[in-house]
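One letter stands for each residue in the lines below.
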Amino acid sequence: MTSSSAPGLELEAIDEQAVTQYLQQHPDLFDRHPQLMTRLRLQHPRHGTTVSLIERQVEVLREKHAALEQQLAEFVRVARGNDALAERIHRFTRRLLRTSTRAEALTQIEAGLREDFDAYHVTLVLPVAAGASAVAGDEAAGRFLRQVSGDNASWRSFETLFSNARPRCGQVRDSQRDFLFGREAADIGSVALIPLMTMAPPGLLALGSVDRDRFHPGMSVEFLARMAELIADSLSRP
């Protein structure tokens with residue numbers, strides 16, 4: 001506004017709260033007095049210079065436009081990532097559909113995880129009854145498959161995971177990492193633990209990465225849960 005006061009009105013009597021309240025109650029003030037818009041001066045948020053109200057409004061609109069463009073770019077990035085992930089899961093599913101035996105399924109699970117998902121540190125752990133021998137065909141999986149007794153102390157350390165019945169991503173205890181990845185354990189920075197709950201008894205698929213941020217607690221685990229169902233179903237073959 002101007003530096004002069006209206007007749008009969010002391011400048012000191014007008015405080016910021018009263019002006020703010022008046023403008024909120026009369027949003028059409030500048031429509032009725034357009035000349036005020038060219039006389040008001042505001043400080044530029046970045047350069048420290050003064051600009052007119054119209055210039056400031058233009059700057060605000062530019063900032064909003066830039067923010068919307070950035071948000072749209074993020075949506076596009078996420079959508080493309082989801083499309084790529086859906087394609088990988090589709091290829092993985094087709095691999096498993098083409099198998100007819102448990103041994104074939106184990107081979108294709110390992111190959112699919114490595115080739116389609118770039119998972120180079122993978123362990124599938126299946127519990128067996130104490131004193132029982134390996135299930136026929138499982139020896140074909142090599143080091144990818146670990147068979148352990150259900151009363152194994154290291155195996156029992158995952159009871160909380162099975163009680164939650166959901167994949168978990170992030171860090172694990174050193175003893176669990178050693179149990180899952182053996183000689184590769186020292187290189188593992190983050191882990192995805194995927195319980196195979198539809199198996200009886202439940203098994204466990206562990207994915208490890210040297211990148212500490214590859215698997216983290218904030219990531220979505222929906223696709224991991226779906227993969228768990230696919231894998232468990234394929235392993236139910238004789």
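This is a predicted model, so every value here is computed, not measured.

Focus: the overall build of the protein
Step number 1: Tallying secondary structure elements over the protein gives nine helices and seven strands in all.
Step number 2: Every one of the 238 residues in the protein was classed for burial, and the buried ones make up 34%.
Step number 3: When contacts within the protein are restricted to residue pairs at least 6 apart in sequence, those whose partners lie at least 24 apart make up 52%.
Step number 4: For the protein, the accessible surface area stands at approximately 15,100 Å², while carbon and sulfur atoms represent 53% of it.

Describing the sheet that holds strand E3 (residues 121-128)
Step number 1: Here we have five strands laid out as an open sheet, ordered E4-E3-E7-E6-E5, and mixed in their pairing. The open sheet has two edge strands, strand E4 (145-149) and strand E5 (168-170), and neither has a second partner. Averaged over all neighbouring strand pairs, the angle between strand axes comes to 20°, with direction disregarded.
Step number 2: Pairing of E3 with E4 involves five bridges; the strand directions are parallel. In the sheet register, Val-128 faces E4, and the bridge partner there is Ser-149.
Step number 3: Helix-sheet contacts for helix H5 (residues 102-117) involve E3, E4 and strand E7 (203-209), and the interaxial angle to E3 is about 150°.
Step number 4: Of the strands in this sheet, E5, strand E6 (190-196) and E7 touch helix H9 (residues 222-234), which is tilted by about 50° from E6.

Remarks on unusual backbone geometry
Step number 1: Put simply, Ala-200 and Pro-201 share a cis peptide bond, and its omega is -5°.
Step number 2: Within the fold, Pro-201 resides in the loop between E6 and E7.

Some points on the nonpolar core
Step number 1: Counting 30 residues, the largest nonpolar core has Leu-113, Leu-124, Leu-205 and Leu-207 as its most contacted members.
Step number 2: Here this core takes six residues from H9, the largest share from any one element.
Step number 3: Sequence-distant contacts of Leu-205, defined by excluding residues within four places in its chain, comprise Leu-113, Val-122, Thr-123, Leu-124, Phe-144, Ala-192, Leu-193, Ile-194, Leu-196 and Ile-231.
Step number 4: Trp-155, Val-172, Leu-204 and Ala-206 belong to the second largest nonpolar core, which has 16 residues in total.

Definitions and limits used
- Residues numbered from 1 in each chain as written.
- Predicted model: local features only at pLDDT ≥ 70, side-chain atom pairs only at ≥ 80, totals over all residues.
- Heavy atoms only, no water.
- Helix = DSSP H or I, 4+ residues; strand = E, 2+ residues; numbered from the N terminus.
- Buried < 20%, exposed > 50% of the residue type's maximum accessible area, 1.4 Å probe, protein only.
- Contact = heavy atoms within 4.5 Å.
- Areas by Shrake-Rupley, 256 points an atom, 1.4 Å probe, with all protein chains shown as cover.
- Pairing = 2+ DSSP bridges.
- Axes fitted to C-alpha atoms, helices over the stretch in contact; angles between N-to-C directions.
- Core = buried A, V, L, I, M, F, W, Y, C linked by side-chain atoms within 4.5 Å.

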